Amino acid sequence: MAELRAYPTLETWLNPVTRGLARRLANMEWQKTLDEIDFEYRMTDVEIAGRPCVRYETAGDNSDDLFIFYVHGGGLVCGSPRLNASMVLPALRLTGAESVGVSYTLLPEGRFPKPLDEIDSVYKALLPTLDNKRLVILSDSMGCMLALANLLRWRDEGVRLPDRVVLVSPALDGAAASDTYRTLDRHDPLIRSHNGRNAQKLFEFYAPGEDLKNPLISPIYGYFPGLPPMLVHVGSREVLLGDAARVAEHARRANVESTLRVFDGMFHLFHMHWSLSEAKAAHDDIADFIRKA
């Protein structure tokens, strides 16, 4: 915990002069987590539907009928399928699945609905190649917002949905209504919420002039019936604990199978620190959930 560096302040992300430096600092921290991976892996750049993507491979037994579609986090301002790969690689190592991570346009160029549409195009381009494979979406942080918003669209369009969905430390509410934006502020070692104001400002940066309770922007306000089973992971120190609890309960009330796992004392995206025993336990749980697809 003492070695963690808090994410750059929201003001540095919003300021075009300091945004580049903030992005480099955050990306460097995520890149370092790959050093904790102690198994063989390979990442290959590919292009799908005109978007840069990454295809992941790990050593071990392959499961020819299992595919994971990864949507990375990073607050819509940083990160990439490569930089955040320590989130998805353990799931592949443990399940033998094939996987692709999608790269979407970051802010300020990637304003709503551009990232949604880019993920949508890659997902739909992949579907014909998957045949009868079991399909799982794995996402983290603001990537969960993009994944879940698209799930709502795909369900309404009649597009094939994934068999299962994994949401890790989900950020889903632009209105910042979750209680933990206030009660856990300053207890979260990575994120300062300022009583939820930072979340609201970030969502406003993403979707200026829009209703922040629009389910395509804040999918926690969406209509959930018909969505696939979901697994939600979060740490007990995260200001996003409330979003995680609310989405799991919202799904349960809509008769969607949902499981919420809260890891005591853990911080935002602790899963990326593979050297932690808690991260290994969390990835084991994710792998068990994925295998049941």
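None of the values given here were measured: they were computed from a predicted structure. (Residues numbered from 1 in each chain as written. Predicted model: local features only at pLDDT ≥ 70, side-chain atom pairs only at ≥ 80, totals over all residues. Heavy atoms only, no water.)

So, the packing of aromatic side chains
Heads up, the condition is: Working definition: a ring pair exists when centres of Phe, Tyr or Trp rings (six-membered ring for Trp) sit within 6.5 Å. Plane angles under 30 degrees give stacked, over 60 give edge-to-face, the rest tilted. Strands here are runs of E lasting at least two residues and helices are runs of H or I lasting at least four, both read from the DSSP assignment and numbered beginning at the N terminus. Relative accessible area decides the class of each residue, using a 1.4 Å probe on protein chains only: under 20% of the type maximum gives buried, over 50% gives exposed, and in between gives partly exposed.
For the coordinates displayed, the defined rule picks out eight aromatic pairs. Note on Tyr-56 and Tyr-70: the rings are 6.4 Å apart at their centroids and 65 degrees apart in plane angle, and the pair reads as edge-to-face. Here Tyr-56, found in strand 2 (residues 51-58), pairs with Tyr-70, found in strand 3 (residues 66-71); they are 14 residues apart in sequence, far enough to count as distant. Judged by relative accessible area, which is 0%, Tyr-70 ranks as buried. Between Phe-112 and Tyr-206, the aromatic rings sit 5.9 Å apart at their centres with planes inclined by 75 degrees, giving edge-to-face as the arrangement. One end of the pair, Phe-112, is in the loop between strand 4 (98-102) and helix 4 (114-126); the other, Tyr-206, is in helix 7 (residues 197-206), and 94 residues separate them in sequence.

Notes on helix 8 (residues 241-253)
Keep this limit in mind: How far a helix is expected to stretch is found by multiplying one less than its residue total by 1.5 Å.
In this model, helix 8 (13 residues) spans 18 Å end to end at C-alpha, consistent with the 18 Å of a helix rising 1.5 Å per residue. All of the buried residues along helix 8 are Leu-241, Gly-242, Asp-243, Ala-244, Val-247, Ala-248 and Ala-251.

Focus: the nonpolar core
Which entries qualify depends on this criterion: The criterion is simple. A nonpolar core is a set of buried Ala, Val, Leu, Ile, Met, Phe, Trp, Tyr and Cys residues joined through side-chain atoms within 4.5 Å. Every residue pair with non-hydrogen atoms within 4.5 Å of one another is taken to be in contact.
Core analysis: the biggest nonpolar cluster contains 105 residues, and Phe-69, Tyr-206 and Met-230 have the highest contact counts within it. Sorting elements by how many residues they give to this core places helix 5 (residues 142-157) first, with 10 residues. Tyr-206 has contacts with Leu-76, Leu-107, Gly-110, Arg-111, Phe-112, Pro-115, Leu-116, Met-145, Leu-146 and Ile-217, leaving out every residue within four places of it along the chain.

Some words on the packing of helix 4 against helix 5
Applied cut-off: Interaxial angles span 0 to 180 degrees and are taken between N-to-C directions of axes, which are lines fitted to C-alpha atoms, for helices over the stretch in contact. Any angle that is under 35 degrees is reported as roughly parallel, and any over 145 degrees as roughly antiparallel; angles of 65 to 115 degrees are reported as roughly perpendicular and all others as oblique. Here is the rule for handedness: rotate from the far helix to the near one, and if that takes an anticlockwise turn smaller than a right angle the crossing is left-handed, while a clockwise turn gives right-handed. Each residue is assigned to one class: nonpolar for Ala, Val, Leu, Ile, Met, Phe, Trp, Tyr, Cys and Pro, charged for Asp, Glu, Lys and Arg, and polar for all the others, Gly among them.
Between helix 4 and helix 5, the least distance of the axes is 10 Å, while the angle of their chain directions is 60 degrees. The angle between helix 4 and helix 5 places the two elements in the oblique class. Considering how the two elements wind past one another, helix 4 and helix 5 form a crossing that is right-handed. Two secondary-structure elements touch here, helix 4 through Pro-115, Leu-116, Asp-117, Ile-119, Asp-120, Tyr-123 and Lys-124 and helix 5 through Leu-146, Ala-149, Asn-150, Arg-153, Trp-154 and Glu-157. Residues of the contact of helix 4 with helix 5, tallied by class, amount to seven nonpolar, one polar and five charged.

Remarks on the pattern of salt bridges
Put simply, the rule reads: A pair is scored as a salt bridge if a Lys or Arg side-chain nitrogen falls within 4 Å of a carboxyl oxygen belonging to Asp or Glu.
Throughout the structure, instances matching the rule amount to 19 salt bridges. A salt bridge links Arg-261 to Asp-285; its shortest N-O distance comes to 3.1 Å. Taken together, the residues span a long stretch of sequence, with Arg-261 in strand 8 (residues 258-263) and Asp-285 in helix 9 (residues 277-291) at a distance of 24 residues. Judged by its relative accessible area of 35%, Arg-261 is partly exposed. A relative accessible area of 15% places Asp-285 in the buried class. Each of Arg-5, Glu-29 and Lys-32 takes part in one network of salt bridges that share partners.

Details of the sheet that holds strand 7 (residues 230-235)
The condition that has to hold: Strand pairing is assigned whenever DSSP detects at least two bridges linking the two strands.
Strands sit in the order 1-2-4-3-5-6-7-8 across an open sheet of eight strands; the sheet is mixed. Two strands in the sheet have a free side with no partner beyond their single neighbour: strand 1 (41-48) and strand 8. Strand-to-strand twist in this sheet, taken as the mean axis angle between neighbours without regard to direction, amounts to 20 degrees. Of the strands in this sheet, strand 6 (164-168), strand 7 and strand 8 are in contact with helix 8, which crosses strand 7 at around 160 degrees. Those strands touched by helix 9 are strand 3, strand 5 (134-140), strand 6, strand 7 and strand 8, and its axis lies near 170 degrees from that of strand 7.

Here's the deal with the pairing of strand 1
Inspection of the sheet shows strand 1 paired to strand 2 by eight bridges, in the antiparallel sense. Within the sheet, the bridge partner assigned to Arg-42 lies in strand 2 and is Glu-57. Following strand 1, the chain reverses through two residues before pairing antiparallel with strand 2; Ala-49 in that reversal takes a positive phi of roughly 55 degrees.

Focus on the state of the cysteines
For clarity, the cut-off: Two cysteine sulfurs form a disulfide in these notes if their separation is within 2.5 Å.
Overall, the coordinates contain zero disulfides when judged by the stated rule. Between Cys-53, a free cysteine, and Cys-144, which holds the nearest cysteine sulfur, the sulfur-to-sulfur gap is 18 Å. The class of Cys-53 is buried, set by a relative accessible area of 2%.

Some thoughts on the environment of Leu-152
Note that Leu-152 resides in helix 5. Taking the C-alpha atoms as reference points, Leu-152 and Gly-222, separated by 70 residues in sequence, lie 7.3 Å from one another. Among residues more than four places away in sequence, those in contact with Leu-152 are Pro-215, Pro-219, Gly-222, Tyr-223, Phe-224 and Leu-227.

Brief notes about the side chain of Asp-120
Inspection of the secondary structure puts Asp-120 in helix 4. Take Asp-120: its relative accessible area is 13%, and that puts it in the buried class. The residues contacting Asp-120, other than those within four sequence positions of it, are Asn-150, Arg-153, Trp-154 and Glu-157.

Here we look at unusual backbone geometry
Here the residue pair Leu-107 and Pro-108 is connected by a cis peptide bond, since its omega of 10 degrees sits within 30 degrees of zero. The topology assignment puts Pro-108 in the loop between strand 4 and helix 4. Cis geometry marks the peptide bond from Phe-112 to Pro-113; its omega dihedral reads 5 degrees. Positionally, Pro-113 belongs in the loop between strand 4 and helix 4. Even without being glycine, Ser-141 reaches a positive phi, approximately 55 degrees. Mapped onto the elements of the fold, Ser-141 is located in the loop between strand 5 and helix 5. With a relative accessible area of 7%, Ser-141 lands in the buried category.

Such coordinate-based values are descriptive only and should not be taken to indicate function.
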